[in-house]
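Analysis of the macromolecular model
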Amino acid sequence: MTKTNYQEIAEKLVAVVGEDNIVSATHCATRLRLQVKDRKAIDDSQVEQVEEVKGVFYNAGQYQIILGTGIVNKVYAALQKTYSFNEISKDQIAKDEASPLQRAVRNIADIFVPIIPILGATGLFLGLKGVLFNETVLRVMGLTPNSIPEWLSASVTILTDTAFGFLTAFICWSAFKKLGGLPIIGFLIGLMLVSPALPNAYAVAGGTAEPIMAFGVIPLVGYKGSILTALITGMIGATLEKKLRKNMPNAMDLIFTPFLVILISVFVALFVLGPIVHAFEGQAVKVIEMFLHLPLGIGGLIIGFLYPIAVMTGMHHMFIMIETSLIATTGFNPLITVCAMYGFANAAVCLAIALRTRNTSVKTAGISATVTQMLGVSEPALFGVVMRTGMKAILVMLGSSAVGGMVLSLLGIQANSYGLAVLLSPLMYIYEPYQVITYVLVGIGTFILAFALTNLFVIKKEKDAVASNAQAKKTNGKVYSPIEGEIIPISEVDDQVFASKMMGEGFAVLPSDGTIKAPISGIVKMIAPTKHAIGIVADDGMELLLHLGIDTVDLNGEPFTLTIKEGETLQQGQVIGTIDLNQIEVKGKDATVMVIITDSKEAISGLEYNQDYVLPILGS
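Quick notes on the rules
Residues numbered from 1 in each chain as written. Predicted model: local features only at pLDDT ≥ 70, side-chain atom pairs only at ≥ 80, totals over all residues. Heavy atoms only, no water. Axes fitted to C-alpha atoms, helices over the stretch in contact; angles between N-to-C directions. Helix = DSSP H or I, 4+ residues; strand = E, 2+ residues; numbered from the N terminus. Parallel < 35°, antiparallel > 145°, perpendicular 65-115°, else oblique. Contact = heavy atoms within 4.5 Å. Nonpolar A, V, L, I, M, F, W, Y, C, P; charged D, E, K, R; others polar. Patch = residues over 30% accessible without salt bridge, like charges linked within 9 Å, V, L, I, M, F, W, Y side chains within 5 Å. Areas by Shrake-Rupley, 256 points an atom, 1.4 Å probe, with all protein chains shown as cover. Salt bridge = Lys/Arg side-chain N within 4 Å of Asp/Glu carboxyl O. Buried < 20%, exposed > 50% of the residue type's maximum accessible area, 1.4 Å probe, protein only. UniProt positions renumbered as here; feature names shortened; annotations may be inferred. Pairing = 2+ DSSP bridges. Expected span 1.5 Å × (residues − 1). Arc of directions from axis to C-beta. Polar contact = N/O pair within 3.5 Å; in protein donor to acceptor, adjacent residues only side chain to side chain. Left-handed = near helix turned anticlockwise from the far one by under 90°.

Before going further, it helps to examine the packing of helix H13 (residues 250-292) against helix H15 (residues 318-330). Two numbers describe how H13 lies on H15: the axes approach to 10 Å, and their chain directions differ by 100°. Regarding the angle of H13 to H15, the classification is roughly perpendicular. Facing Glu281, Val285, Ile288 and Glu289 of H13, the residues of H15 in contact are Ile322, Ser325, Leu326, Thr329 and Thr330. When grouped by side-chain class, the residues that make up the contact of H13 with H15 number four nonpolar, three polar and two charged.

Turning our eyes to something else, we now look at a nonpolar patch on the surface. Residues Leu294, Leu296, Ile298, Leu301, Ile302, Phe305, Leu306, Ile309, Leu410, Leu411 and Tyr434 make up a contiguous nonpolar surface patch of about 910 Å² in total accessible area. Here the nonpolar patch takes six residues from helix H14 (residues 298-313), the largest share from any one element. Counting through the fold element by element, Tyr434 comes out in helix H21 (residues 433-458). Taking the relative accessible area as the measure of exposure, Tyr434 reaches 40% and is therefore partly exposed.

A separate point is the UniProt feature "active site" (unreviewed entry) in the chain. In the numbering used here, UniProt assigns the feature "active site" (unreviewed entry) to Cys28. Within the secondary structure, Cys28 sits in the loop between strand E1 (22-27) and strand E2 (31-36). The exposure class assigned to Cys28 is buried, which follows from its relative accessible area of 10%.

Right, let's get into the sheet that holds strand E9 (residues 505-511). The seven strands are arranged E8-E9-E17-E13-E12-E11-E15 in an open sheet whose pairing can be described as antiparallel. Where the open sheet ends on each side, the last strands, each with one partner, are strand E8 (485-489) and strand E15 (569-570). Where E9 meets strand E17 (residues 590-597), five bridges bridge the pair, whose relative direction is antiparallel. By the bridge assignment for E17, Ala508 is matched with Met594.

All right, on to helix H1 (residues 6-17) then. When the terminal C-alpha atoms of H1 are compared, their 16 Å separation across 12 residues agrees well with the 16 Å that a helix rising 1.5 Å per residue should span. Inspection of H1 places Ile9, Ala10, Leu13, Val14, Val16 and Val17 among the buried residues, and these make up the whole buried set. All buried residues of H1 fall inside an arc of 165° around its axis, so they share one side. Looking at the buried side of H1, the elements it contacts are E1, E2, helix H2 (44-48), strand E4 (62-66) and helix H3 (71-83). Measuring from the side-chain oxygen of the N-cap residue of H1 to the backbone nitrogen of Gln7 gives 3.2 Å; that N-cap residue is Asn5.

Taken N-terminus to C-terminus, the directions of helix H9 (residues 167-179) and helix H10 (residues 183-193) make an angle of 155°; their axes are 7 Å apart at the nearest point. Viewed along their axes, H9 and H10 adopt a mutual orientation that is roughly antiparallel. In this structure, H9 meets H10 at a crossing whose hand is right-handed. Across the interface between the two elements, Thr168, Ala169, Phe170, Cys172, Trp173, Phe176 and Lys177 from H9 touch Pro183, Ile185, Gly186, Phe187, Ile189, Gly190, Leu191 and Leu193 from H10. Here the contact of H9 with H10 is built from residues that sort into 11 nonpolar, three polar and one charged.

What follows is the structure, encoded as structure tokens:
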């Protein structure tokens with residue numbers, strides 16, 4: 001097997017993006033994130049041809065290159081080794097276009113991302129312990145639990161308990177690192193919160209230990225596994241350190257800044273934050289567990305449905321903190337179990353679309369995205385295939401994910417770690433045969449369900465497609481410009497997916513006015529939640545996608561005012577809304593309006609352009 005040259009991958013990516021075009025670089029669990037000066041100067045197709053690149057997209061001020069877990073760390077390290085791009089501006093990138101809630105969620109997620117690998121590894125250690133020390137397995141080997149050597153038991157305990165024992169320290173360290181403090185100070189503060197001089201908070205709550213009372217009213221306890229206490233303490237400490245360093249005389253900064261940061265942070269954590277936050281955290285975990293165990297699997301059904309939507313909107317990062325709290329408090333993570341069905345459903349829908357399409361580029365991209373999803377990276381399948389196919393594909397994926405989550409919740413399946421998806425996810429359940437077997441069976445069932453539903457309801461049968469093409473040949477209707485402006489070929493737009501006609505034949509308009517009109521007579525099939533995309537089914541069966549601007553999904557519908565609703569009948573030329581062209585320009589987006597004939601890739605060989613309309617040219 002040829003060894004992957006990550007240095008060469010990094011150099012190729014910089015060559016395509018442009019070294020002078022890159023302002024800063026950072027990465028998350030799966031993507032290399034670049035802030036660039038000119039997004040239009042980057043050829044996405046060339047980036048996607050680089051080895052290990054699974055897809056690209058531009059969001060929240062970042063050009064994001066999907067590489068996958070493990071790979072992105074190595075490519076980023078090689079990138080920094082050669083080019084030393086600045087990482088500080090990562091926060092400013094997010095601040096430019098993200099909402100306050102999105103920024104808060106992203107910042108919290110960034111604190112937990114570095115901790116995921118160690119907890120995932122610890123989960124595997126726990127699973128192996130469950131297998132090796134299982135009484136049935138020991139009986140087969142002619143052993144009993146009492147015959148396990150003390151040295152072996154101690155060694156395994158070290159592997160399984162250390163990460164959770166010092167989780168508070170890891171979180172404080174990461175919070176300081178994320179917020180610009182000195183990480184070693186954060187680590188020490190976290191260690192102080194779990195000092196052996198303090199009784200464990202959970203032991204105190206369980207009645208097996210007594211708290212140390214301060215001033216007769218404040219219970220002093222250790223906060224092992226208290227995620228919120230560690231997180232807030234770390235954030236307070238890092239913020240305090242930055243303020244002190246700005247004002248502390250240079251001669252005193254080296255000693256007195258750490259002294260004051262540690263003293264104040266630990267005092268606030270032990271005497272103020274801890275008693276309040278830990279109680280709240282304990283109740284919150286109980287509520288989440290209760291919700292996940294609602295009768296008839298209702299909790300799993302709801303979360304299984306909502307989690308993919310959270311991924312689409314970037315809000316899925318908030319699940320990381322919840323999962324960490326569950327593992328630290330209970331030792332199990334039932335939340336990732338129901339969320340994991342999204343991966344199976346997404347892969348199945350993507351694969352079904354790829355296998356049935358006759359469009360070569362969609363087929364190639366779909367199969368590649370399916371493999372990528374099976375290995376744990378969902379963006380290429382979700383954004384590149386499923387969401388682009390339409391609302392039916394999205395609903396099948398959401399519904400299948402929800403059903404899988406419901407069944408798992410109903411059967412009491414729960415992981416003992418996190419960080420693994422689809423093919424590797426069964427490793428989180430090997431601690432008990434019933435858990436792993438049931439999880440695998442439900443995962444396969446979810447995949448089959450999503451695959452079958454996609455074939456039944458999303459993809460037209462061959463005979464229906466032939467009939468539709470025949471009808472299109474009979475009607476040969478005009479498609480009018482939906483907005484005043486210059487009509488140009490779709491191949492000239494600055495979006496590789498549309499320009500390559502992956503979505504179908506079409507045309508674009510460089511708008512000079514903001515009034516949107518119906519390009520054909522028909523029925524409104526779909527309106528995107530962000531109002532940037534409208535699906536219309538013509539009277540003759542032709543399906544159009546009206547796409548308002550490029551990358552305008554990031555604007556959350558602000559520049560668009562629509563006067564129509566799904567299911568409404570339209571007449572060609574009817575005013576259906578307006579676009580605020582000035583607002584789109586201010587936001588740095590491209591206002592080009594695109595009209596795509598999504599259902600006639602094979603029946604239409606080209607378009608005849610006229611002043612205010614186009615005429616499809618029939619033929620294969």
